[in-house]
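# Notes for the structure review
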Amino acid sequence: MLDLFKLLRFKKETPRDVAKERLKLVLIHDRSNVSPQFLEMVKSEIIKVIQNYMEIDEDTLDIQLTKTSSDDGERVVPALVANIPIKGMKNAGR
Amino acid sequence: MGEVIVITSGKGGVGKTTTTANIGAGLALLGKKVVLIDTDIGLRNLDVVMGLENRIVYDIVDVMEGACRLKQALIKDKRYEGLYLLPAAQTRDKNSITPPQMVKLCDELRREFDYILVDCPAGIEQGFKNAIAGADRAFVVTTPEVSAVRDADRIIGLLEANEIRSPKLLINRVRQDMVKRGDMMSIEDIIDILAIDLIGVVPDDENIIISTNRGEPAVTDNKSQAGQAYRNITKRVMGETVPLLDLNGSEGLLSKMKKLFGIKPA
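A quick note: this is a predicted structure, and the numbers were derived from the prediction, not measured. (Residues numbered from 1 in each chain as written. Chains lettered and ligands numbered in written order. Predicted model: local features only at pLDDT ≥ 70, side-chain atom pairs only at ≥ 80, totals over all residues.)

By definition, the strands of a sheet pair up through backbone hydrogen bonds, in either a parallel or an antiparallel sense. All names here are of chain B. Strand order in the open sheet made by the eight strands is 3-4-2-5-1-6-7-8, with mixed pairing throughout. Bordering the open sheet on either side are strand 3 (75-76) and strand 8 (198-203), each of which pairs with just one other strand. Of the pairings in the sheet, the one linking strand 7 (residues 168-174) to strand 8 comprises four bridges and is parallel in character. Residue pairing for strand 8: V174 is matched across the bridge by P203. Contacting strand 1 (3-8), strand 2 (34-38) and strand 5 (115-119), helix 5 (residues 99-110) crosses the sheet at an angle of about 150 degrees to strand 5. (Pairing = 2+ DSSP bridges. Helix = DSSP H or I, 4+ residues; strand = E, 2+ residues; numbered from the N terminus. Contact = placed C-beta atoms within 7 Å. Axes fitted to C-alpha atoms, helices over the stretch in contact; angles between N-to-C directions.)

In structure tokens form, the structure reads like this:
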């Protein structure tokens, strides 16, 4: 019976669900207080670690706090996305 | 020694002033000696919500500047024994007083009153800093909207940063019919997100507008559902354990019949 109801609703999210999801996301941003300086700090630390193992292109390296869908595809979750172009491996890494 | 409670929210228009007026009148009805302080300098409103606008002679800035004694600025509410109002100044701004002055004022009032309720202005600037300066406890008012809950979250963070520990949440203007339809966030949704304790929930109620028009707090109205909610909150402020108001009381005949026959409302 309950499943039938779900089917009839075409799995449409209610305004209540939408509000909750949007609020959760906006609060993650607010609470983490992600200033550009904060991201710069994260970025420089990541560069330091990765450079021990590979040569990377620092100029085109990009780090962002963004959203993505969760593994089950039902929710939107925050994500730290880093795009790090690799120029080559260092010998120490082999 | 009295207790200083600040009523705050971040966002404007969620019901801070109405809440202050109702809890204040409610405490006075239960025999407590209460003073309400309006710290919204430049945009004062607690006086009109209380129906005391015609009796203002001196205000909070006059007290701070020494233009009058504190006792002269306190307006005695003749309808409720033990209830007083210290109005805000209307033609000045928030920078007319400072947090240390507020601390001193609150300490002075603590000796005379059981409860000092501070009505905080919207925002997080000077007015907010003044309002929270002397407070022992804080009630954060919000409504079931994304913007209001977001601002409440910010305010909770700022209160904790200012060492006002474990603020309590008041959720205002809840419409249980909308929650049931999936059109509004529920009490549980909001608590889940903000992760703080509740002091109470007030349903959306026309009687609030009527009572505000009259300048008589709804807490005295026995027919008002919001009034009942405020009476419950008042008792909780005094430390009593009162169960949350059943917001399903206003449902229609059809859903009552369905319930009677065991049919779950969709």
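Residues and elements named next belong to chain B. Among the five residues in strand 2, five count as buried, and that is most of the element. Across the two faces of strand 2 the burial is the same, with V34, L36 and D38 and V35 and I37 all buried. Where strand 2 meets strand 4 (residues 83-86), four bridges bridge the pair, whose relative direction is parallel. Its bridge partner lying in strand 4, V35 is registered against Y84. Note: strand 2 against strand 5, five bridges, orientation parallel. The residue bridging V35 from the neighbouring strand is I116, located in strand 5. (Buried ≥ 20, exposed ≤ 12 C-beta atoms within 10 Å, placed from the backbone.)

Let's shift gears to the interface of chain A and chain B. Facing the 12 residues of chain A at the interface are 13 residues of chain B. With 10 residues, helix 2 (residues 15-32) of chain A is the single largest residue contributor to the side of chain A that touches chain B. Taken together, the residues of the side of chain A that touches chain B break down into six nonpolar, one polar and five charged. (Nonpolar A, V, L, I, M, F, W, Y, C, P; charged D, E, K, R; others polar.)

Right, let's get into the packing of helix 1 (residues 16-29) of chain B against helix 11 (residues 225-237) of chain B. Each pair of packed helices can be summarised by the angle the axes make with each other and by the distance between the axes. Residue and element names in this part refer to chain B. Here helix 1 crosses helix 11 at 70 degrees, and the two axes come no closer than 9 Å. Relative to helix 11, the element helix 1 lies roughly perpendicular. The way helix 1 lies across helix 11 gives a crossing that is right-handed. Two secondary-structure elements touch here, helix 1 through N22, I23, G26 and L27 and helix 11 through Y230, R231, I233, T234 and V237. (Parallel < 35°, antiparallel > 145°, perpendicular 65-115°, else oblique. Left-handed = near helix turned anticlockwise from the far one by under 90°.)

Moving on, we come to the nonpolar core. A general trend in soluble globular proteins is that nonpolar side chains are found buried together. Membership of the largest hydrophobic core comes to 79 residues, with the highest contact counts inside it found for I5(B), I116(B) and V118(B). Each residue touching I5(B), except ones within four places of it in the same chain, is listed here: Y115(B), L117(B), V118(B), A135(B), D136(B), R137(B), A138(B) and F139(B). (Core = buried A, V, L, I, M, F, W, Y, C linked by C-beta atoms within 7 Å.)

Residue and element names in this part refer to chain B. Even without a glycine there, the phi angle at E163 is positive, about 65 degrees. Within the secondary structure layout, E163 lies in the loop between helix 7 (146-161) and strand 7. One non-glycine residue, S166, lies in the positive phi region at around 35 degrees. Tracing the sequence through the fold places S166 in the loop between helix 7 and strand 7. For S166, a count of 11 C-beta atoms within 10 Å puts it in the exposed group.

This paragraph deals with the packing of helix 7 of chain B against helix 9 (residues 187-194) of chain B. All names here are of chain B. As a packed pair, helix 7 and helix 9 sit with axes 10 Å apart at the nearest point and diverge in direction by 35 degrees. The way helix 7 lies across helix 9 gives a crossing that is right-handed. Contacts between helix 7 and helix 9 involve V149, A152, D153 and I156 from the former and I190, I193 and L194 from the latter. Here the residues of the contact of helix 7 with helix 9 sort into six nonpolar, no polar and one charged.

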